[in-house]
Structure formats: C-alpha cells, structure tokens
Amino acid sequence: MHRALYFLVPVLAACGSSPDPAPAAKPPTPAAPAATVAARAAPAQPAADSGINPRLLRRFKPLRSSIEREDEAPASVAQTDLGRMLFFDVRLSKARDLSCSSCHRLDHFGVDNEPTSVGAKGARGRRNSPTVFHAAGHIASFWDGRAGSVEEQAKGPILNPTEMAMTDAQTVVATLQKIPGYVTAFHAAFPDEAAPLTYDNVGRAIGAFERKLTTPSRWDKYLLGDQAALTELELKGLKLFTDLGCMTCHTGEFVGGSMFQKVGVAVPWPNQADQGRYELTKSDADRMSFKVPSLRDVAQTAPYFHDGSAKTLEEAVGLMARHQIGDELGADDVHAIVAWLGSLTGELPTKYIERPRLPE
Ligand code: HEC
Ligand code: HEC
C-alpha cells in the first residue's frame, strides 16, 4: 500500500533538503547519543519509546522568530511598522472595503476560515486563502507558486480585480501620497531613497512585516529537546505521520511549504476544476500540482485544501491518506495524527499583530 511513496523519495533529495542538516543553535538532545544505552537500561527515554527515527526527526526544524531575506539586511522597525499599517488599510482597495487583513485575519492565524475567499463586490474567488504566517519561508507564494517572495506577492492582491481591485500601481501610489502620515512613514522606512513612496516599496514594507509572522509552538519545544512537550497521543500521531510517509512532502521548518506536489498521487483528486501549476506552465507533468502547504497552525485554519473542500482536519487527514498514499486510515489513527497536528498550533505574537492606528 505504501509503495507509491518510494517514487517520492528522490523528489525530496531534488529539493535540496539535506538529510542531516547541522543542528541550529541548540546542542543535540542528550537522548540521541545515549540512545543505545537507553535501549538496554531500564528508565525508558520518551524518544526511544515513541519509536521515531531520529534521522527523520532531524528533517524537521525548529522555527526561526524572523524569516529574513538572504540578500538583504534585516528589516527596520520603521519598515515593519509601515508594513503593518498597509496590511490593515482598506484604502488600498478600490471600494475601500478590503485590506489584506480581511482575508488574512491575523488574530485567526492568518486566514478567513472561508472555503474560498470573498473579494471585491462580494464575489468569491476560486481558491482558499492560505495563512500569511510563515509564508515568507515557503519555496514560493500562492497555491501554484506563481509569485516568488512575499515582497513580490504583496503587490498582487491590491491590483487583482477579484481582490482589492485597485486600477493600477500609480493609483495606489497617488492614493498613499495624499495621506501625509504615509509620506512620512515611507521616508522613515526607506531613509536612503529620495522618493521612497513607490509601489515596489509597498510590497517591500508588507513583506518585511510578514517576515516576522511566526508562531512558535510545543512542536518546537519538542524539536529543541523537551521530550515532555508532546503527549503520548501526539507522539503516536507523529510516528504515524512519519511511518505513513506524510513527511515525504510535509517536512522541514514549516512541515510543508518546501516543494510542489501533485494532489492525487495515489487516487485522483475528486475536484479537477483547478489544475494548479499546469495553468502556469501548460506542462502535463504539472497537472494538479500545488504547493505542499505548511501544516503549522493547521488545526486553526479550516477549511482545507486549495478548493476548501474539507471542513475538518479529520476529513483532511483521511483524504490525504487516501489520495496521496492510497491508504484508508482508521478513526484512531486519524485521531492521533490530528492530535499531533494540534501540537503545531503556536502562540500568536499578539502585540506585533495588533491593528495599528492608520496614518491620516
Ligand atoms: C479577497 C481576499 C484576499 C485579500 C484581500 C488578500 N488575499 Fe492574500 N490570498 C488570498 C487567496 C485566496 C490566496 C491564494 C490564492 C492562490 O493561491 O491563487 C492568497 C494568497 C496569499 C499569500 C500566499 C500564501 C501562500 O502560502 O502561498 C500571501 C503571502 C498573501 N496572500 C498575502 C496577502 C497580502 C499581503 C494582501 C494585501 C496586500 C492580501 N494577501 C490580500 C486572499 C486574499
Ligand atoms: C505526495 C505528497 C503528499 C503526501 C505524501 C501528503 N501530502 Fe498532505 N498535502 C499535499 C499537497 C500537494 C497538499 C495541497 C493539496 C490541495 O490543496 O489541493 C496537501 C494538503 C494537506 C493538508 C491541508 C492543509 C491546508 O492548509 O489546506 C493536510 C492537513 C495534509 N496535507 C496532511 C497530510 C497528512 C496527514 C498526510 C499523510 C497521511 C499527507 N498530508 C501526505 C501533499 C502531500
């Protein structure tokens, strides 16, 4: 039944994720070197008990607090402050009724909890809104990866006729130019530029803000060596997740977000209306290929999938087992996996995401 997964292993290697990455800052857990001893000696190590292969576990990574760009200096507070204001400002939409936060509610883990999002004039788009938390660390933006960085992505929805529907970039810049508070804020955020109020800098500031949208969780504590951070049931779920091969696709720091994969590898996905990356590349190999979503905070971001077709996490896990692995999971196994996924729910940075006073 699990044979389908052998095909996936090379994919992982091709994505450049080295199997044994250097552990970040923390030393390896004492349990690791002592594992053989622990197996013989009486007091059972929780890690050994859980039966999880430590080499697999090392493919996951604890979360950074800030997902910085490699090619630039970390953002200044003036930049993240400006990005936050823009993120919340409905004046960036044509009818002055939508902001990024309408569909990516930060106090709701960055989603709107709708099957597909409601945009300009109340019309529904065709895709589920993914969370903006950790999006900065993904391989690319959107379900089909059509935008690269979050800085680039942010310039899309403002002009998208089914989202914020502004006419063009010049109109956005002209709108902001009439608000003195923004003129000052752009100068503070980009002090080296003579004319900093540009559409590119709108994207850069929003991106800078998004790079600090992270939610460290009990899962990170566990990865950093706190064996007691997960319950027995959660450990059972984790073991199933690794044994079944879910982590072939959902791996790394974000438990996803690092590759594109076909949805329906084992059994075709029921809804074929949206062909994913094929629509960009027109290559048959990309039919039904989507970005593997991050599973951080996934318990909070229902409904699921690009088409919003699963209402509950139980349903989503069952569908994944069927369509990606060709396995029908029993209710107990689903329950355990869902429990482990719950440990990926992190703490919201409540102060950082507070709605700011908008410039006048
Ligand atoms: C009308 C609802 C709506 C608004 C307004 C909106 N978004 Fe989105 N956002 C979505 C949907 C739906 C998607 C997925 C679209 C797709 O993949 O084709 C998305 C995708 C994203 C992603 C990619 C996440 C990922 O995992 O790939 C980011 C980042 C993002 N939006 C940020 C923003 C920002 C910043 C703004 C404001 C400038 C914004 N959004 C405005 C609905 C919205
Ligand atoms: C072959 C790669 C692959 C495997 C194996 C896989 N997934 Fe997925 N997973 C994906 C892709 C691709 C999506 C997005 C599909 C879509 O939205 O159409 C996804 C979506 C999800 C979602 C929904 C997330 C969201 O925010 O909408 C959950 C939950 C999930 N997977 C859990 C699992 C579990 C649990 C397993 C193991 C039983 C698993 N996946 C195995 C590729 C995979």
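A quick note: this is a predicted structure, and the numbers were derived from the prediction, not measured. (Residues numbered from 1 in each chain as written. Chains lettered and ligands numbered in written order. Predicted model: local features only at pLDDT ≥ 70, side-chain atom pairs only at ≥ 80, totals over all residues.)

Here we come to the environment of Ser 141. With respect to the helices, strands and loops of the structure, Ser 141 is situated in the loop between helix H6 (100-103) and helix H7 (150-153). A count of 23 C-beta atoms within 10 Å places Ser 141 in the buried class. The spatial distance from the C-alpha of Ser 141 to the C-alpha of Gln 153 is 6.4 Å, given a sequence separation of 12 residues. (Helix = DSSP H or I, 4+ residues; strand = E, 2+ residues; numbered from the N terminus. Buried ≥ 20, exposed ≤ 12 C-beta atoms within 10 Å, placed from the backbone.)

With that settled, the discussion passes to the environment of Lys 178. Its place among the elements puts Lys 178 in the loop between helix H9 (169-177) and helix H10 (180-189). Distance in space between the C-alpha atoms of Lys 178 and Glu 360 is 9.0 Å, their sequence separation being 182 residues.

Interhelical geometry of helix H5 (residues 77-88) versus H10 gives an angle of 145 degrees and a closest axis separation of 8 Å. Judged by the sense of rotation from one axis to the other, the crossing of H5 with H10 is left-handed. Every residue of H10 that contacts H5 at Ala 78, Gln 79, Leu 82 and Met 85 is listed here: Ala 185, Phe 186, Ala 188 and Ala 189. Looking at side-chain class alone, the contact of H5 with H10 contains 7 nonpolar, 1 polar and no charged residues. (Axes fitted to C-alpha atoms, helices over the stretch in contact; angles between N-to-C directions. Left-handed = near helix turned anticlockwise from the far one by under 90°. Contact = placed C-beta atoms within 7 Å. Nonpolar A, V, L, I, M, F, W, Y, C, P; charged D, E, K, R; others polar.)

The next subject is the site of ligand 2. Close contacts around ligand 2 come from 27 residues, with Cys 246, Cys 249, Tyr 304, Phe 305 and Met 320 the closest. Those elements giving two or more residues to the shell around ligand 2 turn out to be helix H13 (232-244) and helix H15 (313-325). If one sorts the elements of the shell around ligand 2 by residue count, H15 sits on top with 6 residues. In the shell around ligand 2, the residues fall into 20 nonpolar, 7 polar and no charged. (Near = placed C-beta within 6 Å.)

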